[in-house]
Each structure stands twice: as structure tokens, then as C-alpha cells.
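Remarks on the overall topology
Listed below are the residues making up each chain.
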Amino acid sequence: MAKKIDSKIPEGPLAEKWTNYKAHQKLVNPANKRKLDIIIVGSGLAGASAAATLGDLGFKVKCFCIQDSPRRAHSIAAQGGINAAKNYQNDGDSVYRLFYDTIKGGDYRSREANVYRLAEVSNNIIDQCVAQGVPFAREYGGTLANRSFGGAQVSRTFYARGQTGQQLLLGAYSALSRQVKLGNVELFTRCEMLDVVLIKDENGENRARGIIYRDLVTGEIKRCSAHAVVIGTGGYGNAYFLSTNAMGSNGSAAIQCYRKGAWFANPAFAQIHPTCIPVHGDKQSKLTLMSESLRNDGRIWVPKKLEDAKALQAGTLNPNDIPDEDRDFYLERRYPAFGNLVPRDVASRAAKERCDKGFGVNNTGLAVFLDFKYAIQRLGKDVVADKYGNLFDMYQEITDVNPYENPMMIFPAIHYTMGGIWVDYELQTSIKGLFAIGECNFSDHGANRLGASALMQGLADGYFVLPYTIQNYLSDQIQVPRFSTDLPEFKAAEDGVKEQIEKIMNIKGKRSVDSIHKELGHIMWEYVGMGRTKESLETALKKLEEVEKTFWSDLRVPGQADTLNVELEKALRLRDFIEVGKLMAYDGLNREESCGGHFREEYQTPEGEALRQDDKFSYVACWEYQGAGKAPELLKEPLNYEYIKVQTRNYKN
Amino acid sequence: MDKNISFTLKVWRQRGPKEKGQFVSYPMTDIPTDTSFLEMLDILNEQLINKGEEPIVFDHDCREGICGMCSLYINGHAHGPATGATTCQLYMRRFKDGDVITVEPWRSAGFPIIRDLMVDRSAYDKIMQAGGYTSVNTGGVPDANSIPISKEKADLAMDAASCIGCGACVAACKNGSAMLFVSAKVSQLALLPQGQVEAARRAKAMIAKMDELGFGNCTNTRACEAECPKCVSISNIARLNREFICAKLKD
Ligand SMILES: Cc1cc2nc3c(=O)[nH]c(=O)nc-3n(C[C@H](O)[C@H](O)[C@H](O)COP(=O)(O)OP(=O)(O)OC[C@H]3O[C@@H](n4cnc5c(N)ncnc54)[C@H](O)[C@@H]3O)c2cc1C
Ligand code: SF4
Ligand code: FES
């Protein structure tokens, strides 16, 4: 392997790296900023905060999103909260502790320098949001309130009821709207990026100089040029069809970059969230997350006796009739120290283990109970209603079951993807001038993300990291005039996109996009899901080939391509989800260890806990595209822990 | 536990903003009542696609009541019969066997139809751009705890801030007024010290933009409040009016 990966980590002690970087990086002077265009694809927390900040610095920004308004990006759905090392509770929190918890939570598969910087800027985020008028929860004394979240022993999570993502996104959207008014940001709503355009510089090196996009209302294919392109398009969890992501969430922009040469890092690292409402039928379109906070007071159990489980599945037994001694509170049994509050990956796998053994409930056998009976006995119904009332109402509306009287049923579901486009310390991908921020990059969460840390990362990238690092790139671009979209590179990229669309429209088969997407999702969940083996991953790769064949031979997209066509939009995304699926399987197959969200059944302790293989796999797996139909090539970025002692995660005692 | 129902859907279909639309009836059979309303439309669309027809176009994304993307006027109600819920949070158990269910887009001068049930709500973005923010740049702001804010004020601001920008208030209003939406943002920011500084100016700018974009006047019919999926209160409109009068007095 000839290619050496340079992650551009600055010199110096951990705590000084970012300060040093900022002190020595190159900047662009105000007069020159106006001459530089930046495309930002995505208007979620990452994209909107970056667009607003770069706009207020004076750059000319073009911001794209697929929804009808930037405010509707999927970040809006985050419920729980956002972490910061403010230590307002005086409970011993610090930048170092947040850094440490994030590295440990990620099962020692992330970069120390990046994570430290994240913890460092976390505090600025809270200040910024408050200044924007984000109505965070407050104590009676008027100061900000905090709550604790899985995987941490301090209270460092800031929240706005159960709508933290919404409030943070509306804050960023407000700032973005102001920049639109000031003429610094131009919005392209209902516009979907379909390719990135690369142009060679005088040294023959590729640089990202624009995008090809489809106006989703008119169906027109258009070109847009800039000095740099930033991708902030979110995660690829919808490869599983059913996930907690929004219907439009997709991995396409990331895959387009990958096909143009950007490395895709750690694709196998996906997070399965333990507390989702179980699947109810084959017509279901998405899974609803029940906030993790429920695990603070709810007790998770399944029956001890197989016959009870069978009766529950058949609907002949009421769970309330099972006495306590016949209930298996398996998390409390296996992890006495953390109990129901173990990290997400641990809780999810434990639920799967019970269901695999036949103890699952619901008519499918694929659910466990989350019981509030004990909390109601201990605290009273009013207190429970006050804390969780809106969640209980939501649960009842969806399932028609009253959680005050019957235990809730939950099951794990795909929720977040830690893997993504590889970026260096500057958030630049392996292609010059192409940057990636937010969930779509791979950077900070290693093999598992802690609760309330995605919002933190998205806003850190957008408000406080990218606006610095991108200047280091742009500073020598000030002589480069604006690009004409008439250049042959733009034409070639547009022709490529049009050709693909035509090909899809001409299949004229019998299967709807959704029916093939469901098939893909089924394969992913079955063979690349919570427990993976060499065999299952190899099976997945074979089956994914078949799905791809079905797609290209039997897909039916009604209507025309040159007008609004929702099925065509979905078909293009499905094409890329199949590629995502393959990447996940390749990566999972290569990573012969269990860590964080990636559980290879061959690598576990006798008690069934994840077993890392640090001597072999302490690296970031970067995958490089080799062309259609070819296996991608693996490049390794070694992870060297200089400041933290690598340990086995232990949530038992 | 759950049963299946059959009913008739009458759906508004319209190719483009300038084209003539019409209701089209679709018989729906054996739909499980634990299906959500949008999943029911997915089922219908799948049937249409399998017949080689074009599916019904409607906006949606999060399907959990927070992004504000879904719309739909169902049986004469914005977001359908449930209160305090969006269309995507509506389940078929609310309907009965044999029902006729009418589905229309938001109808309002401010929200032109794009196709079928999808409308153009970009006017809301324009109103926000007119002043729905605090004028701060990134960085250089004070520590988050430097200004105490009473829990009561913070909670009221949060009530107003829970608006999801769906447009149901406009669709429900016979005048097509966007006052509830505008007042929610103006109130949220006016209640907090960070936003109070520009409160009067903001109210004036946002209302001027709303008028310019063809939204109607508020005549206090309260239809908006009744249909708002987030129960945003019209007391916010009173607060907006106070800020607006302040602004006028300063002129
Ligand atoms: C239900 C749920 C609850 C969560 N709760 C929490 C929580 O409590 N705390 C926490 O920290 N994290 C939480 N998360 C995770 C967190 O919300 C996300 O990781 C984060 O918001 C992602 O932000 P983003 O800006 O990277 O992407 P997104 O918000 O997903 O934005 C993606 C943007 O890209 C645009 N886009 C996508 N593709 C294209 C394209 N091809 N062309 C043009 N535009 C495109 C979209 O329109 C959108 O604007 C939760 C996630 C879910 C699903
Ligand atoms: S005020 Fe209510 S109805 Fe109006 S846009 Fe906001 S959430 Fe929708
Ligand atoms: S789809 Fe998001 S609110 Fe209904």
C-alpha cells in the first residue's frame, strides 16, 4: 500500500493543538472573502451553522437542501439534548472528561486530537445558541438546567424540552436567514446534489469546484460552481429501509464523493438505538425513537420462562399477570453497576440476545418490555407523567397501548452512522477543496456515539471548526477567478448524471422503488445488523449483488424525468444505498474484531461482551473506490493513543 | 387487537400550479387500523405505481410530527381530525369502515400548489429572513449563564418556539393570515433578553413582509389556534400586537 494518509494533526501537547493551529493557520482577508464562493450541501445543524458563519465572515455561500425549507433538515428531530463541558453543575466535569468519555464511549476508535477539539469548543456552542434565543431549559434561579445521559457520570446535557434538535436547528436557521437577507447566502431549496465536479489545478491535482444538482420541482439538471464544496448531508442509516431517520435522509452525496475518489471511512460503524417502538407490520415506513431518557426510570425485562414468552407472543397472557420473580431484568442482572443505563450498543445487543433465545415479546417475538410500573409505585403517577407524559402520549397514539397501565414494548433500530466520508483534522476529505461536516463525516465518534454528542459535533464543525480550517485552504485560492459552469468538466459531469437518469427511466420493469428498498433493508438488518459473522457478511455481499441486479433490470419509475418525479428521486437514492450496503459489508468483513456498534460474533468474551483486537485493528479503515463492480481498496490510518490509556470498556462494576 | 377497514379516499389531483385540479376517488380495502395516514397513502401509491400510474405527490419527511413538512387538509381539517397532532401522527384507527375521506392540499394565496397535495411554502422562509433572528455573528457572545432568565419566561418562549412552520394556521384561516406563525417567532424572541433588544423592529419587519407576500389580516377567528398541531396559543398574537404598536409609536 503506497498511499500514506496524512491526517494533518497539529504538533504540540493535546490541549494546545487547536490553539496552535488557529494561531498559525492562513486566513483570508475581508476584501478577498467576497471573491470566494463556497457551496454547502445540507442545511442541518452542520450545514446551516457553517453557511451562517461563513456568510457572516463575508464569503459568498450557496446552501442546498432537498426539503422545501432549510429548517426541515433531519436534525430537527433530535430529542434528547446536546453535551458541553460547561461544568455548570459543579459535578467535576471538564473538557478533559468530556474528551475522555467520548473516546471511551467510541471504544477507542477515534482520533484523540479531533475529539479533544470537539470537547474544547463545546462550551462556545452553548453560548452561541443562547445568544440566538434558543430557549434551553432553566432552573428557577434563572441558570441553565442539565440532565445526564447514557455513558456519562456527570450532568452535562443541555436540552429544550424533548425538542433540542429542533431548537438548535431553528437557531442556526435564524442565523442563516439573516445571512440570506444580508445577501451573503443564497438558498437552493428542493434541490438535490447529484454529483461533485472536480477540476485539475496547474499541478494536475483534482480539486472540488462545483456540483451538479437536480431542481426537484422542475426536474431540470443544473450546474453550480465554487472555490470549495462542503458536504453536510447527514447519515446513511436509511440503507436499512426502516430506521429512525427521516424519509429523505440519504447517503447519496457521500457516495457521489466516494465514486469521485474521496475515501469512505469505517462504514460498518452504525449505531443501533435500543429504545424504538417495535415494527408493527410490513407496510411500516419508519421507526419512531422513544427518548433514551426513558431508561432513567423504566425497567427493561422479558419473561424468565419460555412458556410465558410464547403465551405473550400468542396474545393469551397479559404481561401484568407475570409475577416479579418470573421476570428477567436482564440488564440489571448482567450489568449491576450501570443497569438499565448501559450504553446504547450494549443495551441493544442484550435485547437481541434475549429475543434470539426465544424470550422476546410482541406477536413477532421481536420486542422487550420497558416497564414504568415500578417508577409509578415509587414516584407516583403524577411525577412520571410530568417527566414522560408527552412520550407516553406519543407511544399510545402510535400503538394504542396505554403505558401507564401496560409495559411499553421496545426494540432496537438503526439510528446513527458513525462511519462516513474520511476527513483530516481540517475536515477536508481526500479530495482537495472538498470538505465534510456533521454526521456525514466519520470523524469524532469512533465505533459508537454517546447520546447528545451528534448535535454537539454538527454545531462544532459548522460554527467553530470549518470556518477556520477552510480558510487555510482558501487563502491561496484568492487569485483563482470564479469558475464558469461552461467548462468541459461540468459538461462531462452533467452528461454522466443525465445518462444515469435515462438508464433508470428506461428500465421500465415491474418493481417499485420501495419494494426493492425493503428487500435491501431486510438483507442489511439480517446480515449486517446487530450481530455479524464472516459468513453473514459474505452472504450479504452476494445478496446485495442480486438486489443491484434487480434494481437495474426490474425497477419501475413512472412519469418523466424532466419534471417533478418523487419516484425518480427515491430511485437515485436507492442506487446509492446499495453501494453503502456493500461498503458496510466489506468493512465489517475486514474488521475482525468487535468494537462499539460493530459486533462480530466470532469475537466476544465468554460473557458475550465485545472483544476488540487492538493489536490488529486500531486503525481507521478508509475505502477507496476502484470502479463499478470492483471491490474497493483498503487504506489504513493508524490510531495512536498518546494521552489516553486504552482499556476494555466495562459497565459491570 | 387491530382490525382492518375499507373506505373511499377522495384526493385532490393537480398537475401543476396553473393547471386545473380535480378530486379523484380511490377505493381502499382492508387497511389495518394501526397504519398511519401517510403509510396508507404509501399503500395507495404502491398500487398506483404497480398499475403504471403516477403516484400522488405529498410532502413529508420526519414522520414524527416535528419537521413540519407534512400538510394535508383531511375532511375539512388541517392535519386531520386529531388535535395537537400533525398528519404524519394520525393513525387509521381514527376512521371507520365505509368512511369517505377527503384529502386536499393547503389552500391559500400565500401557498401556491406545486402538484397534487404539495404546496410552496417558501413565503415562510422570506418572512423569517425579514427579521426572525437576533443580529449576532458567530463567536464573541457572552457566557450562556451570564444573563439569568426566569424559568417561567424560558418556558413561555419554548411554548412559542415549538412552532414547526407547517402552515396549518394559514390553511385554517379564512383570511389566509400568517399571524400565528409570525407571532410565535416574535414572541419567543421578545420574551428573552437576547431577543428583546430588536423586538419592535423585528415585529414590524416580519409583519410588513407578511403583508407584502399576500397573506391576509388577522380578524381573531381563532381557527389557527384550533388547528395548530403544536397548540401554539393566540396569546402570542396579542404579544406581537404589543410589539407592533411599540414599533409604530417609535416611528
Ligand atoms: C430521532 C433522532 C433523534 C436524535 N436525537 C439526538 C440527540 O438527542 N442528541 C444528539 O446529539 N443527536 C441526536 N440524533 C442525531 C442527530 O440528530 C444527527 O446526527 C444530526 O442532527 C445530523 O446533522 P447533520 O447536519 O449532519 O445532517 P442532517 O440534519 O441530516 O441534514 C442533512 C441535510 O442535507 C440535505 N441533503 C441531504 N442529501 C442532499 C443532497 N443530495 N443534495 C442536497 N441536500 C441534501 C438535507 O436536505 C438536509 O438539509 C438523533 C437522530 C435521530 C434520527
Ligand atoms: S403556528 Fe402552528 S399551525 Fe402555524 S405554522 Fe406554526 S406549528 Fe404550524
Ligand atoms: S412529516 Fe415531519 S411533521 Fe409530519
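Note that this is a predicted model, so its numbers are computed, not measured. (Residues numbered from 1 in each chain as written. Chains lettered and ligands numbered in written order. Predicted model: local features only at pLDDT ≥ 70, side-chain atom pairs only at ≥ 80, totals over all residues.)

Focus: the overall build of chain A
When helices and strands are counted, chain A shows 18 helices and 19 strands. Here the C-alpha atoms of chain A give a radius of gyration of 24 Å, agreeing with the 26 Å that 2.2 N^0.38 yields for 653 residues. By principal-axis analysis of the C-alpha atoms, chain A measures approximately 75 × 60 × 50 Å. Per-residue burial for chain A yields a buried fraction of 58% across its 653 residues. Across chain A, the fraction of contacts at a sequence separation of at least 24, relative to all contacts at a separation of at least 6, is 74%. (Helix = DSSP H or I, 4+ residues; strand = E, 2+ residues; numbered from the N terminus. Rg over C-alpha atoms; globule rule 2.2 N^0.38 Å. Buried ≥ 20, exposed ≤ 12 C-beta atoms within 10 Å, placed from the backbone. Contact = placed C-beta atoms within 7 Å.)

So, the site of ligand 1
All names here are of chain A. As a structural note, the neighbourhood of ligand 1 is formed by 45 residues, with G42, G44, G80, G234 and G438 the closest of them. Going through the elements one at a time, α3 (45-57), α6 (164-181), β6 (191-200), α7 (252-259), β15 (408-417) and α13 (454-474) are the ones with two or more residues in the shell around ligand 1. Of the residues assigned to the shell around ligand 1, the class counts are 18 nonpolar, 25 polar and two charged. (Near = placed C-beta within 6 Å. Nonpolar A, V, L, I, M, F, W, Y, C, P; charged D, E, K, R; others polar.)

Considerations on the interface of chain A and chain B
The figure often quoted for interface size is the accessible area lost as the parts come together. Listed per partner, the contact involves 64 residues of chain A and 65 residues of chain B. Only α3, α5 (112-132), α6, α12 (381-399) and α17 (566-590) of chain A provide two or more residues apiece to the side of chain A that touches chain B. Grouping the constituent residues of the side of chain A that touches chain B by class yields 23 nonpolar, 24 polar and 17 charged.

Topic: the site of ligand 2
All names here are of chain B. Around ligand 2 lies a shell of 14 residues, among which C163, C166, A168, C169 and C228 are the nearest. With three residues, the single largest contributor to the shell around ligand 2 is helix α5 (residues 179-191). Across the shell around ligand 2, the residue classes tally to eleven nonpolar, two polar and one charged.

Quick notes on the environment of S225(A)
All names here are of chain A. Inspection of the secondary structure assignment puts S225 in strand β8 (residues 221-225). Classification of S225 by C-beta neighbours within 10 Å gives buried; the count is 21. Put simply, S225 and A208 are 17 residues apart on the chain and 9.1 Å apart in space, counted from C-alpha to C-alpha. Not counting residues up to four positions away in its chain, the partners in contact with S225 are R209, G210, R482, F483 and T485.

Side note on the domain arrangement of chain B
Residue and element names in this part refer to chain B. Split into domains, chain B comes out as domain 1 (4-104) and domain 2 (121-250). For domain 1 and domain 2, the distance between their C-alpha centres works out to 30 Å. Counting residues at the interface gives twelve residues for domain 1, matched by ten residues for domain 2. (Domains from an automatic or database assignment.)

Comments concerning the sheet that holds strand β14 (residues 368-371) of chain A
Backbone hydrogen bonds hold the strands of a sheet together, and the pairing may be parallel or antiparallel. Residues and elements named next belong to chain A. Reading across the sheet, the five strands line up as β11-β15-β14-β12-β13 and stay open at both edges, with antiparallel pairing between neighbours. Single-partner strands in this sheet number two, and they are β11 (270-276) and β13 (327-328). Summarising the sheet, strand β12 (residues 299-303) and β13 pair through two bridges and their orientation is antiparallel. Across the sheet, the residue bridging to P303 is R327, located in β13. Lying on the sheet, helix α10 (residues 344-356) is in contact with β11, β12, β14 and β15; it crosses β11 at an angle near 65 degrees. (Pairing = 2+ DSSP bridges. Axes fitted to C-alpha atoms, helices over the stretch in contact; angles between N-to-C directions.)

Focus: the pairing of strand β2 (residues 22-32) of chain B
Residue and element names in this part refer to chain B. In terms of burial, β2 is largely open, as just one of its eleven residues are buried. The pairing of strand β1 (residues 4-13) with β2 spans nine bridges and is classified as antiparallel. From the neighbouring strand, N4 faces β2, where its bridge partner is P32.

Details of the domain arrangement of chain A
Residue and element names in this part refer to chain A. The domain architecture assigned to chain A consists of domain 1 (274-414) and domain 2 (494-617). Each side of the interface is counted separately: domain 1 has six residues, and domain 2 has six residues. Broken down by element, the residue count for the side of domain 1 that touches domain 2 peaks at five residues, all from α10. Taken together, the residues of the side of domain 1 that touches domain 2 sort by class into one nonpolar, one polar and four charged.

Observations regarding the nonpolar core
Counting 290 residues, the largest nonpolar core has V230(A), I231(A) and I421(A) as its most contacted members. Among the elements that take part in this core, α13(A) stands out by supplying twelve residues, more than any other. (Core = buried A, V, L, I, M, F, W, Y, C linked by C-beta atoms within 7 Å.)

Observations concerning the sheet that holds strand β18 (residues 619-624) of chain A
Residues and elements named next belong to chain A. Taken in spatial order, the four strands of this open sheet run β16-β10-β18-β19, and their pairing is antiparallel. Of all strands in the sheet, those bounded by a partner on one side alone are β16 (420-421) and β19 (633-638). One ladder, built from six bridges, connects β18 with β19; its direction is antiparallel. From the neighbouring strand, V620 faces β19, where its bridge partner is E637. Sheet strands touched by α17: β10 (264-265), β18 and β19. Its angle to β18, the strand with the most contacts, is close to 140 degrees.

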